[in-house]
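Spelled out from the first residue to the last, the chains are:
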Amino acid sequence: MPFVGKTRKTQQQFDTPEELYLRGALPRTSDAVSGLWIHQGDVLRTYAEKHGSTPDLALELPTGTGKTLPGLLIAEWMRRKSEGPVLYATPTKQLARQVLATATTEGMAARLLVGNHRLWSAADEADVDGGEAIAITTYSSIFNSSPKLPVPRLIVLDDAHAGEQFVGEQYAITIRRYGAEAVYLAILDVLRPFLSGLQIQRLQGQPDPGAHHQVRLILPAVASDALPKLDVALSQLGEPYKFQLAMIRSGLAACCVYLSYGSIQIRPMIPPTFENKVFSDARQRVYLSATLGAGGELERAFGRAEITRMPLPTKTPPRSGRRLFVFPDLVQDNDAVSLTREIIGITDKALVLTQESTEDTEDTARALAGEGIPVFGKDAVEDGLSTFVQAEKGVLGLANRYDGMDLPGDACRVVVLLGKPDAVSLQEKFLSERARANAALSERMRTRIVQGAGRCTRGPNDYAVVVIAGTDLTRYFSRLENKTALEPELQAEIQFGWENSKNQNPADIIDNVRTFLEHGADWREGGEPLVAEFREEAEKIDPPGAVALGESARLEVSAWQLAFGENWIEGSRQLEEAARTVGKGAEVTRGYRALLLYIAGVWLHLGAESEAHRAHARQLIRDAERATRGTWFKEMKDLPDTEEVSLAGADTVAINAIVARLMGQLKPNKIKVDLQAMCAGLAQDNAAPYEEALTTLGTYLGANAFKPAGQGRCDSAWLWDTAMWLTIEAKSEQHSDGFLPLKDIRQANTQIDQLAADQGLDHPPAGSPTLLVSDRLTVAPEHAPVANPNVYLASTETVRQIAGDVDAVWRDLLATTAQQEPVHIFRRHVQDLLTENGCLPTQVLDRLMQERIRPGE
């Protein structure tokens, strides 16, 4: 006969979740943890004493210091109060099963409710509804068009720092060309009013260097006839799009469309979670986060205006193991890929994390695995990590999975982080690459890096090697403000890794990795004390703009809620106030401020009830234009009755030069030969043809382009009369290994002034830049301050992309010149074509001036 005890209704109550654990009230198994860590007990007591009824509460529990057990104890403590159902949500099914296993081991009643709700056990649902058990579920089971979970007393949201990826993306229609080309082309056709004929042609055809990489922003509500057509087109799509549409259809007018060659994404910037009763009607939402941050990331990700933060009660965060960082791109005369492969070969067991596609990530894992080493991918870990953990050897490659995986102890000792994780979605890619609003993404990106680095250090005694692969991520760590935003312990590990990678011999790197993995006396006596020295010097500093972004978050959330309900006037007012608040971050937040101002202007125009409203909407658009730092603004469709933005001087010079050439003695065949030679020259690394191709590129951008004579001069100079100049020092023969040489920086410093002297002038036009073109995109921190403020660094790939755009523009111009339109009409066509393809001089310079070498500018 089974044992019978007290029912839930008469279960003993405890003052805190910690007391529930310590008093032995839970029937824990022999596999349960031996006890709570001190910081876990501190968190549980503080929660019970101060925050048991706080509507939205974020708890800080750094990666590897144990979030799950405190989260489950809070859930169990609240369940026993008999105040309603309790949900514990995780980003993935795999993590949900992991949490269920922990709950079972620790003696807590829990039921797994994930996947298709039709397959849920009725008895399990009844237990959750009646408060007999905690529901372990996923974010997707809550954030969908028709959630079947009960409205709870409490939701515990695990790995909340990943909210944007698992909540924001739920409120998006994402159409990927390579999986659904017919759907992509159908929606592209609806977006024709926002695109030129050449843009449509390039997006419909084979990928070219220019069109393939860019993300364009479209606000469909700007064209009154386009929005109904978009709604109809989307409503005719089948699964899974019809479920995605249901999430945002009521507020489609407030949505942004992000368009690239590879995909289309339609979503509001901030998810309208207020419409979700399971989430918004819960009496309390507790967010378990590895980092709290000051920039408002949680508020934006979950669509909540105010989330109270409860940092760790202890001043010093608990240590979550030891990591040895290795930077292969800094190693002396070395092939970074070969070194990474050799590091993995020491154990033949590694986790590879990237933000690329699933297929590309698994291909990368195969390239890094040794001969005969099995490679695991997404499918192998769908139901859990046991297949990989139990494998003696193997490389696991996962895309965009920086959270929710525990590989402690000998399960895996090597993590490879490939590439800077700043463009997981099209919205992120637009903010990062086009709007230059990186400050708004910095907290999110930093958290992904920290989480990814901590996948194999899940406790204080764990240790793992973390390989930082890719020049963009290496360059990220070269910036002081990125390192000082981290916890001091992690700062110390990164600085130790940097110093022991920079200009070191590959063989010495391998010896150091072996010493670390042996983790014996040689490491304890030779490595650990040095990390401790770096730790003493480290201090955490909030990154620039973080406070302003944190203050703005409440206003942004409120604004998007209002806009989703088409309360355009009040939504615009709130977003304008948010832009003003963001402006406190000065230059760091300028790109994000410009975007907020533009959207506020569009909203006010949509809801305008008077000429005063329309006049203010036009002023907001002008303010956005003045604040913008990217080329995206010039691509936006004009509002009706909005005055045209005047051209910059260099743009006018270029348009006039191009029109004059096309209206003169035109030689189409020579132009086609020039363009072909230009693209070919920029596709290889020999100096002479590359420099010649650069000058050709400048010429077809409407500049007076030439290679100055004499020693110490630049490789190509582009002069748009006296409006703007550009000098280019090309290092096309350099590859992506190592640092940009100091001598190259010093050489570039003198070139713009030398050009002015050659032209018989005292100084160049104000703001004229010098560009270093090289694939060595990492600058040693001690060398960066040597650069003049006007010296920038760009990759050969960026130059090739611009050349692809110029080639497409000129081929279109050659075709339309034969139509013999009046000069003023043709001039406007040239202006529009250059603008729409990012080829006005101001746009080209913006594309080339993304990376200023000198820090703090």
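Starting from 1, residues in each chain are numbered consecutively following that chain's sequence as written. Only residues with pLDDT of at least 70 get local features here, since the model is predicted, and only at 80 or more are side-chain atom pairs given and counted; chain-wide, interface and lining totals rely on the full set of residues. Based on all heavy atoms of the structure, the side-chain values leave hydrogens and waters out of the count.

The subject of this paragraph is the overall build of the chain. Working definition: helices are DSSP H or I runs of at least four residues, strands are E runs of at least two. Numbering for both runs from the N terminus. What the chain contains, in helices and strands, is 36 helices and 22 strands. Just to be clear, the radius of gyration here is over C-alpha atoms, and the globule rule we use is 2.2 Å times residues to the power 0.38. Computed over its C-alpha atoms, the radius of gyration of the chain comes to 29 Å, within 12% of the 29 Å expected for a compact globule of 857 residues. In terms of principal-axis extent, the alpha carbons of the chain reach across some 100 × 70 × 45 Å. The buried share among the 857 residues of the chain stands at 58%. Using a 1.4 Å probe on the protein chains alone, a residue whose accessible area is under 20% of its type maximum counts as buried, one over 50% counts as exposed, and one in between counts as partly exposed.

Let's shift gears to the pattern of salt bridges. Throughout this description, the term salt bridge denotes a Lys or Arg side-chain nitrogen within 4 Å of a carboxyl oxygen of Asp or Glu. The full count for this structure, using the stated rule, is 59 salt bridges. Across the salt bridge formed by E239 and K242, the nearest N and O atoms sit 3.9 Å from each other. Here R811 and D807 are joined by a salt bridge, their closest N and O atoms 3.0 Å apart. Taken as a pair, R811 and D807 lie in helix α34 (residues 796–817) at a separation of four residues, close to a single helical turn. Take R811: its relative accessible area is 36%, and that puts it in the partly exposed class. Residue classification places D807 among the buried positions, given a relative accessible area of 16%. Several salt bridges share partner residues, and in doing so they unite R322, R323, E489, E493, E528 and R535 into one network.

Joining through side-chain atoms within 4.5 Å is the link that ties buried Ala, Val, Leu, Ile, Met, Phe, Trp, Tyr and Cys residues into a set, and such a set is a nonpolar core. Counting 110 residues, the largest nonpolar core has I266 and F302 as the members making the most contacts within it. In what follows, residue pairs with any heavy atoms lying within 4.5 Å of each other are defined as contacts. Contact partners of I266, with chain neighbours within four places excluded, come to Y171, A172, I173, L230, L234, I248, L252, C255, C256 and V257. Ranked by size, the runner-up nonpolar core spans 47 residues in total, among them L682, L701, V830 and L834.

We now examine unusual backbone geometry. E239 connects to P240 through a cis peptide bond whose omega is 0°. Assignment of secondary structure puts P240 in the loop between α10 (226–235) and α11 (241–248). Even without a glycine there, the phi angle at N503 is positive, about 60°. Mapped onto the secondary structure, N503 falls in the loop between α21 (488–499) and α22 (506–518). On the accessibility criterion, N503 (45% relative accessible area) is partly exposed. Even without being a glycine, D721 presents a positive backbone phi close to 55°. Taking relative accessible area as the criterion, D721 reaches 52% and is therefore assigned exposed.

Before going further, it helps to spend a moment on α22. To estimate how far a helix should extend, the number of its residues minus one is multiplied by 1.5 Å. When the terminal C-alpha atoms of α22 are compared, their 19 Å separation across 13 residues agrees well with the 18 Å that a helix rising 1.5 Å per residue should span. Along α22, the residues classified as buried are P506, I509, I510, V513, F516 and L517. Down the axis of α22, the buried set is contained in an arc of 125°. They therefore lie on one face. Here α22 starts with a cap whose side-chain oxygen sits 2.8 Å from the backbone nitrogen of A507, and that cap is N505. Within two residues after α22, H519 carries a phi angle of roughly 50°, on the positive side. Directions drawn from the helix axis to the C-beta atoms are what define this arc. N or O atoms closer than or at 3.5 Å make up a polar contact, with two conditions inside protein: a donor-capable atom paired with an acceptor-capable one, and, for residues adjacent in sequence, both atoms drawn from side chains.

In this section: the packing of helix α8 (residues 181–190) against helix α9 (residues 197–204). Interaxial angle, 0 to 180 degrees, is taken between N-to-C directions of lines fitted to C-alpha atoms, where a helix line uses only the stretch in contact. Look at α8 against α9: their axes get within 11 Å of each other, and the N-to-C directions meet at 175°. The angle between the axes of α8 and α9 places the two elements in the roughly antiparallel class. The segment α8 lies against α9, with Y184, L185 and L188 engaging I200, L203 and Q204. Residues that form the contact of α8 with α9 fall into these classes: five nonpolar, one polar and no charged. In what follows, roughly perpendicular refers to angles from 65 to 115 degrees, roughly parallel to angles under 35, roughly antiparallel to angles over 145, and oblique to any angle outside these ranges. Ten residues, namely Ala, Val, Leu, Ile, Met, Phe, Trp, Tyr, Cys and Pro, are considered nonpolar, four, namely Asp, Glu, Lys and Arg, are considered charged, and the remaining ones, Gly among them, are considered polar.

Let us look at the environment of E342. Its location among the elements puts E342 in helix α14 (residues 336–347). A sequence separation of 185 residues divides E342 from L157, and the C-alpha atoms of the two residues are 39 Å apart.

Attention now goes to the packing of aromatic side chains. Here a pair means two rings of Phe, Tyr or Trp (six-membered ring of Trp) with centres within 6.5 Å. Their orientation is stacked below 30 degrees between planes, edge-to-face above 60, and tilted elsewhere. Enumeration according to the criterion identifies 24 aromatic pairs in this entry. Residues Y139 and F302 carry aromatic rings whose centres are separated by 6.2 Å and whose planes lie at 70° to one another, so their mutual orientation is edge-to-face. Taken together, the residues span a long stretch of sequence, with Y139 in helix α6 (residues 139–142) and F302 in helix α13 (residues 297–302) at a distance of 163 residues. The pair Y139 / F302 is uniform in exposure class, with both members buried. Three or more aromatic residues joined by ring pairs form one cluster here, namely Y139, F143, F279, Y287 and F302. Any Lys NZ or Arg CZ found within 6 Å of a ring centre and within 35 degrees of that ring's normal is scored as a charge over the ring. If you follow K349 out to its NZ or CZ, it ends over the ring of F388, 4.7 Å from the centre. One Lys or Arg, K483, reaches over the ring of W498 and ends 5.2 Å from the middle of that ring.

Time to look at the sheet that holds strand β11 (residues 308–310). The criterion for strand pairing is that DSSP finds at least two bridges linking the strands in question. Here we have seven strands laid out as an open sheet, ordered β3-β4-β2-β5-β10-β1-β11, and parallel in their pairing. Among the strands making up the open sheet, the edge pair consists of β3 (110–112) and β11. Neighbour to neighbour, the strand axes of the sheet diverge by 25° on average, direction disregarded. Of the strand pairs in this sheet, strand β2 (residues 86–90) and strand β5 (residues 154–157) are connected by four bridges, and their pairing is parallel. Bridge pairing in β5 links V86 to L154. Contacting β1 (56–60), β2, β4 (134–138), β5 and β10 (284–289), helix α3 (residues 68–79) crosses the sheet at an angle of about 160° to β2.

So, on to the environment of G527. Along the chain, the position of G527 falls in the loop between α23 (521–526) and α24 (528–537). Taking the relative accessible area as the measure of exposure, G527 reaches 4% and is therefore buried. Spatially, the C-alpha atoms of G527 and V414 are 18 Å apart, while their sequence positions differ by 113 residues. Beyond its immediate stretch of four places on either side in the chain, G527 contacts F496 and D522.

Judged by pairing direction, the sheet is antiparallel, and its four strands sit side by side in the order β6-β9-β8-β7 without closing on themselves. Of all the strands in the sheet, just β6 (173–176) and β7 (216–218) have a single pairing partner and so form its edges. The mean inter-strand angle of the sheet, taken between neighbouring strand axes irrespective of direction, is 15°. With four bridges connecting them, β6 and strand β9 (residues 263–267) associate as antiparallel partners. Bridged to R176 within β9 is S263. The strands touched by α8 within the sheet are β6, β8 (256–259) and β9, with β9 carrying the most contacts at an inclination of about 60°.

Burial runs high along β9: five of the five residues are buried. Taking every second residue as pointing to the same face, both faces of β9 are buried, with S263, Q265 and R267 on one and I264 and I266 on the other. Pairing of β8 with β9 involves four bridges; the strand directions are antiparallel. Considered in β9, the bridge of C256 is made with R267. Counting the residues that bridge the hairpin from β8 to β9 gives three residues.

On to the environment of P769. You can see P769 is positioned in the loop between α33 (751–758) and β21 (770–774). Exposure remark for P769: the relative accessible area of 1% places this residue in the buried category. Between the C-alpha atoms of P769 and M724, which are 45 residues apart in sequence, the distance is 8.6 Å. Beyond its immediate sequence surroundings of up to four residues, P769 is in contact with M724, W725, L726, T727, I752, N790, Y792, L845 and M849.

So, about the state of the cysteines. Between two cysteines, a covalent bond joining their sulfur atoms is known as a disulfide. Note on terminology: pairs of cysteine sulfur atoms within 2.5 Å are recorded as disulfides. Inspection of the entire model under this criterion finds zero disulfides. Unpaired in terms of disulfides, C255 finds its nearest cysteine sulfur in C256, a separation of 7.3 Å. Accessibility expressed as a relative area gives 2% for C255, which makes it buried.

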